[in-house]
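Spelled out, the chains give:
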Amino acid sequence: MKQRAVPFDPQARLQSKDGICAYLGHISAATYDSWQAKGIVPGPIPGTNRYCIRQHDHVLDLRAGINVPSRAKPLSPLDEWEAAHAGAA
């Protein structure tokens, strides 16, 4: 007897489109495509048809203001200039 494919496998980091749609709250593929066009979700890993759960979590966390890297102290003007000109030599 052939086993039926499960759309979302919680053990797999990379998901099919059906799997990532299930992971994101059982949204439709059309909703996913709309969100991707708006930049809400990152889409598949380039060159594949697989979607990374961690990448989706990271992008959604940033959009929600969760786990946003913060600086303990602001950069000095010199540090800002160096950062802006890094690799320009």
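Cut-offs and rules
- Residues numbered from 1 in each chain as written.
- Predicted model: local features only at pLDDT ≥ 70, side-chain atom pairs only at ≥ 80, totals over all residues.
- Heavy atoms only, no water.
- Helix = DSSP H or I, 4+ residues; strand = E, 2+ residues; numbered from the N terminus.
- Buried < 20%, exposed > 50% of the residue type's maximum accessible area, 1.4 Å probe, protein only.
- Contact = heavy atoms within 4.5 Å.
- Areas by Shrake-Rupley, 256 points an atom, 1.4 Å probe, with all protein chains shown as cover.
- Expected span 1.5 Å × (residues − 1).
- Salt bridge = Lys/Arg side-chain N within 4 Å of Asp/Glu carboxyl O.
- Polar contact = N/O pair within 3.5 Å; in protein donor to acceptor, adjacent residues only side chain to side chain.
- pLDDT = per-residue confidence, 0-100.

### A short note on the overall build of the protein chain
- Helix and strand counts for the protein chain come out as four helices and two strands.
- Along its sequence from the N terminus, the protein chain presents helices and strands in the succession β-α-α-β-α-α.
- The buried share of the protein chain, reckoned over its 89 residues, is 17%.
- Restricting to contacts in the protein chain with at least 6 residues of sequence separation, those with at least 24 account for 37%.
- For the protein chain, the computed accessible surface area is about 7,000 Å², with 55% contributed by carbon and sulfur atoms.

### Here's the deal with helix 3 (residues 53-64)
- Over its twelve residues, helix 3 runs 16 Å from end to end, which matches the ideal 16 Å to within 8%, given 1.5 Å per residue.
- Buried residues along helix 3 sit against strand 1 (14-15), helix 1 (17-23), helix 2 (29-37) and strand 2 (51-52).
- Positive phi appears at Gly65, one or two residues downstream of helix 3, with a value of about 80 degrees.

### What about unusual backbone geometry?
- Even without a glycine there, the phi angle at His26 is positive, about 60 degrees.
- For His26, a relative accessible area of 67% gives the class exposed.

### A few points about the pattern of salt bridges
- Enumeration according to the criterion identifies one salt bridge in this entry.
- When the shortest N-O distance is used, the salt bridge between Asp33 and Lys17 registers 2.4 Å. Taken together, the residues span a long stretch of sequence, with Asp33 in helix 2 and Lys17 in helix 1 at a distance of 16 residues.
- The exposure class of Asp33 is partly exposed, given its relative accessible area of 36%.
- Exposure remark for Lys17: the relative accessible area of 24% places this residue in the partly exposed category.

### What to know about the side chain of His56
- Along the chain, His56 turns up in helix 3.
- Of the polar contacts made by the side chain of His56, one reaches the backbone oxygen of Cys52; its length is 2.8 Å.

### Comments concerning the confidence of the model for the protein chain
- Averaged over all residues, the pLDDT of the protein chain is 86; the fraction at 70 or higher stands at 83%.
- By mean pLDDT, the top-scoring element of the protein chain is helix 2 (97), and the lowest-scoring one is helix 4 (residues 77-84) (83).

### What about the side chain of Gln15?
- In this structure, Gln15 sits in strand 1.
- Owing to a relative accessible area of 2%, Gln15 belongs among the buried residues under this scheme.
- Only 2.8 Å separates the side chain of Gln15 from the backbone oxygen of Asp9, close enough to count as a polar contact.
- When residues no more than four places from it in sequence are discounted, the contact partners of Gln15 are Pro7, Phe8, Asp9, Ile20, Asn49, Arg50, Tyr51 and Ile53.

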